[in-house]
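The lines below spell out each chain.
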Amino acid sequence: MKGGCFPFVLLAVWAALGRLGIAEEIRRRDDADGSEIPSAHDFVRRGCSSVAVLGDYLYIDGGQVTERVNDSNPADSPSFDAQTTWSIDLTEAWTPEKVSIRSIPKAAPLLNEQVHWTDPSTSSLYTWGGITSNGSSPDRALWRLRADGSGGGSWTQVTQRDFLNFSKLKGIFGSAFTQTKDTGFAFGGAVTKASDDSVTKEVPGYATPGLISYNFKTGEWDNSTTTFYGGYGTSLNARAEYVPFGPNGLLMFLGGAESPVDTTNETIAETSWNSITMVDPVTKQWHRQSTSGIKPPTIESHCSVGVPGPNGTYEIFIYGGVSDQLRGTSSEVYVLSLPGFVFFKGPTDAPPRSDHQCAIVGEGKRQMLSFGGIDGENRTFTAPRTADPWPYGIGILDMTELEWTHSYDPEAAAYDTPTVVKEWYDDGNLKNVNWDNEDVEALFMKQDADPKKPAPPQNSTTANAHSTSAIVGGAVGGVVGAVAIGMMSFMLVRRRIRQRANTPDSGDRSGPGDSESGEIAEYKPEPWPKDHEGPRHTYSPESMFGIGSVHSGPVSPQPQPYQYTYPQPLSLSIPQTHAHPQSNNTYKPQDIGPSELSGHQDGIVPIHGGELPGSEPRVGELMDPNIMQWAHELPAPLSSPRTELPDRKYSH
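All values derive from a computational prediction rather than experimental measurement.

**Student:** Describe the overall build of the chain, listing the residues and the values that go with them.
**Tutor:** Summing up its helical and strand segments, the chain has six helices and 34 strands in all. Taking all 652 residues of the chain together, the buried fraction comes to 55%. Once local pairs closer than 6 in sequence are excluded, the contacts in the chain between residues at least 24 apart make up 67%. Total accessible area computed for the chain in this model is approximately 29,800 Å², and 52% of it derives from carbon and sulfur atoms.

What follows is the structure, encoded as structure tokens:
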């Protein structure tokens, strides 16, 4: 866990420089012009920031900025917490030297290494967790930037409707985070005094096992632990991507390091790329699959993005990172292609960097933007001594051509799988993949669906099971139907007899359930209302989802320039896979629409069970920072209807 922003050596030096008074001069200058945006010449470095795309704008938040004062040398230039949020227009072409950056006032705390998620349906950027640069303990809260559609927005603290579960979470940093359409996830990370006021341990703190989730619609938090990941169930400075394979998609974790919970510098070990670990975000079933190809060195604090190819593949691009194996900082790009689980080496001519962030930009999803980062400079991890070779720390990678470019093009062509990756599949290598088990193979593979060929025969065991189920179901249904008809006939005959016995001319009248021909009128109940959201989402080799989202309805096939004949990724209608014996926790996110709540800006449906924090620990939480015991039982559901208490507001 030796990224530039951990174990705080860099942040401590930055904070010390800030106290020298030079940074105060910069703050006064920025207050005067209201920007905080240095010129391209004065910009030196920015690290540990968050980068996210919302609508037509790129938002950059948090981290540390280093800039020249009076044309000072980079090594003598001050660094300080970024005071505002930056935004860049993605509808216009620009070069990094001349890009226009807008500054947005920020009411949220000034933190580094935060988790961030986006909710396009509400134009929201959420930030949670993070560490301070001066070692003080931040106020734990979830903050949201509500974008205004024109590159601006406003920050507010989110009122917690699931206060009980939220209050039991630790303030983490350095976790691997990603998201689905409605839910954000964060796995692992660390906690110290500089990230949580309930912890007294300083560097390197405690590693925090647990997969945390936050539902944007309901406001519900969840936390579950696993022993399936690595040797300890912990992850430090890794990256995560959501990939659209299997019935619910998968959360895939990339690189980083691991450590026992009570971390020391000697117990931290970087994670190998020999296999990739992933989890179903709904069932919480964990899986692992071996990889092949030219693998990256072990790295932490790198960046990653994922993009679907036009022929059923899915590529993850990985850039930079600090490495024990390299004894320095990486400048290399690697591509992990799914479903082959094969690595390819990309360009190596970019500047080495770590603690940066990347995002996919442009209408065609072809360009990867890298922002910020620092060079470990032979692992000294002091304040930046050299200026970033890229103006404003911005680099643009053409992911199809595997080339770094010098400009951003909003109208760049649509992403296409790199040639080297296509050739691997064209050569039939997918059939040679050694799957770790049948469950993983079922998630990623399916047979060719050629309409000209008859459907392949079912496996005899499966066919017999289906036949047996059909026979049993038919027999049971027949018996139930016969009993129901018999009971209905008995009741009607009995009622007729009573009516005839009590009525003098009952033979001339018909009962309320009789027709003129003496037949029983058919009863047709109204259909039971269902919370139906349309057809189940599907995964097609011809048309892939967008990143981190699941779409409903049929997917129309598109003309394809390449038609592979190897097996394609599995359809989403596969049977449920089996979980690791240690990982049978189940999470069922609710799909409850937003409601208008008086005095609440989020429109979040309240979650009942608003108990005040108790003494019983939740899964994955620290019970006693001095004892470091961990609870592994899920808490019983609460039924109290009392209103949640709101989180306390952050005050300057």
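**Student:** Tell me about the sheet that holds strand β4 (residues 64-67), residues and numbers included.
**Tutor:** With antiparallel pairing, three strands are arranged side by side in an open sheet as β1-β4-β5. Sheet topology places β1 (43-47) and β5 (79-81) at the edges, where each strand pairs with a single neighbour. Ignoring strand direction, the axes of neighbouring strands in this sheet form an average angle of 20°. Pairing of β1 with β4 involves four bridges; the strand directions are antiparallel. Across the sheet, residue Arg-45 finds its bridge partner in β4, namely Thr-66.

**Student:** Explain the pattern of salt bridges residue by residue, including any values.
**Tutor:** Should their charged atoms come close, side chains of opposite charge can pair. Applying the stated rule across the entire model yields 12 salt bridges. The partner of Asp-196 in a salt bridge is Arg-140, and the shortest N-O contact between them spans 3.5 Å. Separated by 56 residues along the polypeptide, Asp-196 in the loop between β14 (190-191) and β15 (206-207) and Arg-140 in the loop between β9 (124-128) and β10 (142-147) bring together distant segments of the chain. Take Asp-196: its relative accessible area is 0%, and that puts it in the buried class.

**Student:** Tell me about the environment of Lys-201, and name the residues and values.
**Tutor:** Following the sequence through the fold, Lys-201 ends up in the loop between β14 and β15. Assessed through its relative accessible area of 19%, Lys-201 is described here as buried. The spacing of Lys-201 and Asp-262 is 61 residues in sequence and 9.7 Å in space, taken between C-alpha atoms. Look past the residues within four positions of Lys-201 in its chain and what remains in contact with it is Thr-192, Lys-193, Tyr-206, Asp-262 and Thr-263. In terms of polar contacts, Lys-201 uses its side chain to reach the side chain of Asp-262, at 2.5 Å. Within the structure, the side chain of Lys-201 is placed 2.9 Å from the backbone oxygen of Thr-263, a separation counted as a polar contact.

**Student:** Got a sec to walk through the confidence of the model for the chain? Specific residues and values, please.
**Tutor:** Taken residue by residue, the chain gives an average pLDDT of 76. The fraction at 70 or more is 62%. Here residues 6-21 is modelled with pLDDT under 50, and outside its nearest four sequence neighbours on either side it reaches 40 contacts, counting other chains as well. Counting contacts from residues 500-652, a segment whose pLDDT is below 50, to residues more than four positions away or on other chains yields 300 contacts.

**Student:** Give me the lowdown on the state of the cysteines, citing residues and values where you can.
**Tutor:** Working definition of a disulfide: a covalent bond connecting the sulfur atoms of two cysteines. Counting across every chain of the model gives one disulfide. Each sulfur in the disulfide pair Cys-303 and Cys-358 lies 2.0 Å from the other. One disulfide, between Cys-303 and Cys-358, carries an S-S torsion of -60° and so falls in the left-handed class. Of this pair, Cys-303 sits in strand β25 (residues 303-308) while Cys-358 sits in strand β31 (residues 357-361), and the two are 55 residues apart along the sequence.

**Student:** Before we move on, could you go through the nonpolar core and cite the residues and values that matter?
**Tutor:** Membership of the largest hydrophobic core comes to 45 residues, with the highest contact counts inside it found for Met-252, Phe-317, Leu-338 and Phe-444. Of the residues forming this core, the biggest block, five residues, is contributed by strand β26 (residues 314-319). Residues Phe-43, Ile-60, Ile-101 and Ile-396 belong to the second largest nonpolar core, which totals 19 residues.

**Student:** Summarise the pairing of β26; cite the residues concerned and give the values.
**Tutor:** Where burial is concerned, most of β26 is hidden: six out of the six residues are buried. Residues Tyr-314, Ile-316 and Ile-318 point to one face of β26 and Glu-315, Phe-317 and Tyr-319 to the other, with burial holding for every one of them. Note that β25 and β26 share six bridges and pair antiparallel. Bridging across to β26, Gly-306 finds its partner in Ile-316. In this structure, the hairpin formed by β25 and β26 is closed by a connection of five residues, where Gly-312 is found at a positive phi of approximately 90°. Alignment of β26 against strand β29 (residues 333-338), held across six bridges, turns out to be antiparallel. Of the residues in β29, the one forming a bridge with Tyr-314 is Leu-338.

**Student:** Break down the sheet that holds strand β34 (residues 403-405) for me, with residues and values.
**Tutor:** Strand order in this open sheet of four strands is β31-β32-β33-β34, and the pairing throughout is antiparallel. Two strands bound the open sheet, and with one partner strand each, they are β31 and β34. Taken pair by pair, the neighbouring strands of this sheet meet at an average axis angle of 30°, ignoring direction.

**Student:** Lay out the packing of aromatic side chains with the relevant residues and their values.
**Tutor:** Aromatic rings in a pair are described by how distant their centres are and how their planes are angled relative to each other. In this structure the tally under the stated criterion is 28 aromatic pairs. Geometrically, the ring pair formed by Trp-117 and Trp-221 is tilted, given 6.3 Å between the ring centres and 55° between the ring planes. With Trp-117 in strand β8 (residues 115-119) and Trp-221 in strand β17 (residues 221-224), the pair connects residues that are 104 residues apart, well separated along the chain. Since its relative accessible area comes to 1%, Trp-221 is described here as buried. Here Phe-317 and Tyr-415 contribute two aromatic rings whose centre-to-centre distance is 6.3 Å and whose plane-to-plane angle is 85°, an arrangement assigned as edge-to-face. With a gap of 98 residues between them, Phe-317 in strand β26 and Tyr-415 in the loop between β34 and α4 (419-426) connect regions that are remote in the sequence.

About the cut-offs
- Residue positions are given per chain, counted from 1 along the sequence in the order it is written.
- Two thresholds apply to this predicted model, a pLDDT of at least 70 for residue-level local features and 80 or more for giving and counting side-chain atom pairs, whereas whole-chain, interface and lining totals are computed over all residues.
- Side-chain descriptors were evaluated using all non-hydrogen atoms of the structure, hydrogens and water having been removed beforehand.
- Numbering of helices and strands runs from the N terminus, with a helix taken as a DSSP run of H or I at least four residues long and a strand as a DSSP run of E at least two residues long.
- Three labels apply to residues, based on accessible area from a 1.4 Å probe with only protein chains included: buried if under 20% of the type maximum, exposed if over 50%, partly exposed otherwise in between.
- Whether two residues are in contact is decided by their heavy atoms: any pair within 4.5 Å suffices.
- The method behind every accessible area is Shrake-Rupley, applied with a 1.4 Å probe, and residues are considered shielded solely by the protein chains displayed.
- Pairs of strands are assigned from DSSP output, requiring at least two bridges between the strands.
- Convention adopted: a line fitted to C-alpha atoms gives each axis, helices being fitted over their contacting stretch, and angles between N-to-C directions are expressed from 0 to 180 degrees.
- By definition here, a salt bridge exists when the distance from a side-chain nitrogen of Lys or Arg to a carboxyl oxygen of Asp or Glu is within 4 Å.
- Two N or O atoms count as a polar contact when they lie within 3.5 Å, although within protein this holds only if one can serve as hydrogen donor and the other as acceptor, and sequence-adjacent residues are included solely when both atoms are side-chain atoms.
- How sure the predictor is of each residue is captured by pLDDT, a score from 0 to 100.
- Note on terminology: pairs of cysteine sulfur atoms within 2.5 Å are recorded as disulfides.
- Here, nonpolar core means buried Ala, Val, Leu, Ile, Met, Phe, Trp, Tyr and Cys residues that are tied together by side-chain atoms lying within 4.5 Å of each other.
- Centres within 6.5 Å make a pair out of two Phe, Tyr or Trp rings, where for Trp the six-membered ring is used; the pair is then stacked when the planes are under 30 degrees apart, edge-to-face when over 60, and tilted otherwise.

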